[in-house]
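Analysis of the macromolecular model
In case you want the letters, here they are:
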Amino acid sequence: NRETASAALQIDTPEKESATFLARINVNLSDSDPDYPAMKLVDWMLAGGADFAARMVARIRVKEGLSYTVRSSLDVNPFDRAGSWQLYAQFAPQNRARVEAAFRDELAMLAASGFSRIEIANAKSGYLQSRQLARANDAGLAQKLAQDLYLKRTFVWDTSLEKRIQALTP
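Each chain has its residues counted from 1, following the order in which its sequence is written. For this predicted model, a pLDDT threshold of at least 70 governs which residues receive local features, and a threshold of 80 or more governs which side-chain atom pairs are given and counted, while totals over whole chains, interfaces and linings are taken from all residues. Excluded from the side-chain calculations are hydrogens and water; all other atoms, namely the structure's heavy atoms, are used.

1. So, the packing of aromatic side chains
Each aromatic ring pair is described using two quantities: the centre-to-centre distance and the angle formed by the ring planes. By convention, a stacked pair of Phe, Tyr or Trp rings (six-membered ring in the case of Trp) has centres within 6.5 Å and planes under 30 degrees apart, an edge-to-face pair has planes over 60 apart, and any other such pair is tilted. This structure, assessed with the given rule, holds three aromatic pairs. Where Phe-21 meets Phe-103, the ring centres are 4.5 Å apart and the plane angle is 20°; that geometry is what we call stacked. In this pair, Phe-21 sits in strand β1 (residues 19–28) while Phe-103 sits in helix α3 (residues 96–113), placing the two residues 82 residues apart along the sequence. Between Phe-79 and Tyr-150 the ring centres are 5.9 Å apart and the planes differ by 80°, which places this aromatic pair in the edge-to-face class. Of this pair, Phe-79 sits in the loop between β2 (69–75) and β3 (82–91) while Tyr-150 sits in helix α5 (residues 138–151), and the two are 71 residues apart along the sequence. For a ring to carry a charge above it, either NZ of a lysine or CZ of an arginine must fall within 6 Å of the ring centroid while also lying within 35 degrees of the normal to the ring plane. Just above the ring of Tyr-68 sits the side chain of Arg-61; from NZ or CZ to the centre is 4.0 Å. Elements are defined by DSSP. Helices are runs of H or I of four residues or more, strands are runs of E of two residues or more, and each kind is numbered from the N terminus.

2. Points about the nonpolar core
Note on terminology: a nonpolar core comprises buried Ala, Val, Leu, Ile, Met, Phe, Trp, Tyr and Cys residues joined through side-chain atoms within 4.5 Å. Whether a residue is buried, partly exposed or exposed follows from its accessible area with a 1.4 Å probe, protein chains only, as a fraction of its type maximum: under 20%, in between, or over 50%, in that order. Among the nonpolar cores identified, the biggest contains 32 residues, and Leu-41, Met-56, Ile-60, Val-70, Val-99 and Phe-103 are the most heavily contacted of them. Listed by contribution, the elements that provide at least two residues to this core are β1, α1 (36–48), α2 (55–63), β2, β3, α3, α4 (117–136) and α6 (155–166). Considering every element that reaches this core, the biggest residue donor is α1, with six residues.

3. Here's the deal with the pattern of salt bridges
Any two side chains of opposite charge can pair if their charged atoms end up close together. Take a side-chain nitrogen of Lys or Arg and a carboxyl oxygen of Asp or Glu: if they are within 4 Å of each other, that pair is a salt bridge. Here the structure, examined in full by the defined rule, presents 14 salt bridges. Among the salt bridges present, the one from Arg-59 reaches Glu-64, with a minimum N-O distance of 2.5 Å. Look at Arg-59 and you get buried, because its relative accessible area is 14%. You can call Glu-64 partly exposed: its relative accessible area is 23%. Between Asp-158 and Lys-144 there is a salt bridge; the shortest N-O distance is 3.1 Å. Here Asp-158 is found in helix α6, whereas its partner Lys-144 is found in helix α5, with 14 residues between them in sequence. Each member of the pair Asp-158 and Lys-144 is classed as buried.

This is the structure in structure tokens:
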């Protein structure tokens, strides 16, 4: 990873009926780092899962009705520490300022007070169930086995990750 200057870009497309918000930051993280389980759970609690209780989804989609699609995505690599974390939403162009303000507000509240024990417990349960369901799907399991073969990993790695996630606290 290298330092890059932040930038706010806006591309006007007046013929389009929807707009996209994307915020991205480079993260110096690998999936084998000690901080990875906590970052993965934070990603899930913001909008990385399918849960309407996720912070960004609850605020931007459910409470304010500004966007149908709100996502968070932590993408890291098992080979190096060149990862990224992204927040994303689609919305009507006239709601841009409100969507951006909601993202900033939720991140500021998170920085000030963190997540509650209940949020963490619910997120751990949801995230671990999603991993279990992925392994119950033939295509998902085949993909996981192929990936693990390539990475020279076994399900012991997954068990370790899931134990570290289960052990997370506020």
